[in-house]
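Coordinates in review
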Amino acid sequence: MNATFEDRLLAELKAEVVRRAAEAGPVTVVPRRVVTPRRVGVALAACGAAAAVAVVLPGSGTTSAFAVETHPDGTVTFTLQDVALSGPQQQDLIRKLTDAGVYTQVNKVPAGQRCALPGNLRPGDVIVGVDPGPGAPADTGKGPMEWHRTLHRGDTVRIDNGVRHSVVYTFIRGKASPCRLEPID
């Protein structure tokens, strides 16, 4: 059988590898240490930084974006600390308001439009907010925003989710009619 150039070259290379391995002698593998003083120091520094943040900002990771509190007289106190609720947070809010006897209405509002406001609104019945989105600075220099609203069983909280993370909360006395879209002026 005629061997090609490539076959002869491969056989020669294999022989060379075997010859060099025999000349080098046995190979000793030195195990690498997993735990080193430097790695322990970095881990301790990270734990210390986390503990310092927890002391300086107590409860910062446990603050709720909203609260719903029912009272014996039939009123419901709704506190909103963050207008930009995630989908699961909005679902949790809807469940808590419904359990308290308050109707909810959630609308997806297309660009250039809004839900028409009912005529029987009082001061403070509309909260408009915009989620700045990921990467935006959280501190605006104005301090934390928080809204409180006292509702009655049978009132409606309408949440209009718009484009570009805009959210409008409207507090309506009684049961609200469905959203009637109108162009934004």
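Coordinates for the structure precede this section.
I will try to describe carefully the structure that is included in this document. For clarity, every value in this text was computed on a predicted model and none was experimentally measured.

1. Considering the overall build of the protein chain
In terms of regular secondary structure, the protein chain is built from three helices and nine strands. Along its sequence from the N terminus, the protein chain presents helices and strands in the succession α-α-β-β-α-β-β-β-β-β-β-β. Excluding contacts between residues fewer than 6 apart, the proportion of contacts in the protein chain whose partners are at least 24 apart in sequence is 70%.

2. Comments concerning the pattern of salt bridges
This structure, assessed with the given rule, holds eight salt bridges. Measuring nitrogen to oxygen at the nearest pair gives 2.6 Å for the salt bridge that ties Asp92 to Arg95. Of this pair, Asp92 and Arg95 both sit in helix α3 (residues 87–99), three residues apart, which is roughly one turn of that helix. Since its relative accessible area comes to 45%, Arg95 is described here as partly exposed. Among the salt bridges present, the one from Asp92 reaches Lys96, with a minimum N-O distance of 3.6 Å.

3. What about the state of the cysteines?
All chains considered together, the criterion is met by one disulfide. Between the sulfur atoms of Cys115 and its disulfide mate Cys179 the distance is 1.9 Å. Handedness of the Cys115-Cys179 disulfide follows from its S-S torsion of about -100°: it is left-handed. Here Cys115 is found in strand β4 (residues 113–115), whereas its partner Cys179 is found in the loop between β8 (166–172) and β9 (181–183), with 64 residues between them in sequence. Taking relative accessible area as the criterion, Cys115 reaches 3% and is therefore assigned buried.

4. Describing the packing of aromatic side chains
Counting across every chain of the model gives one aromatic pair. Geometry around Tyr103 places Lys175 over its ring, the cationic atom sitting 4.5 Å from the centre.

5. Some thoughts on the environment of Thr70
Tracing the backbone shows Thr70 in strand β1 (residues 66–70). Put simply, Thr70 and His152 are 82 residues apart on the chain and 9.4 Å apart in space, counted from C-alpha to C-alpha. Among all residues touching Thr70, those that are not within four sequence positions of it are Thr75, Val76 and Ala100.

Conventions used here
- Residues numbered from 1 in each chain as written.
- Predicted model: local features only at pLDDT ≥ 70, side-chain atom pairs only at ≥ 80, totals over all residues.
- Heavy atoms only, no water.
- Helix = DSSP H or I, 4+ residues; strand = E, 2+ residues; numbered from the N terminus.
- Contact = heavy atoms within 4.5 Å.
- Salt bridge = Lys/Arg side-chain N within 4 Å of Asp/Glu carboxyl O.
- Buried < 20%, exposed > 50% of the residue type's maximum accessible area, 1.4 Å probe, protein only.
- Disulfide = S-S within 2.5 Å.
- Phe/Tyr/Trp six-rings, centres within 6.5 Å; stacked < 30°, edge-to-face > 60°.
- Lys NZ or Arg CZ within 6 Å of the ring centre and 35° of its normal.

The analysis is restricted to geometry; functional conclusions fall outside its scope.
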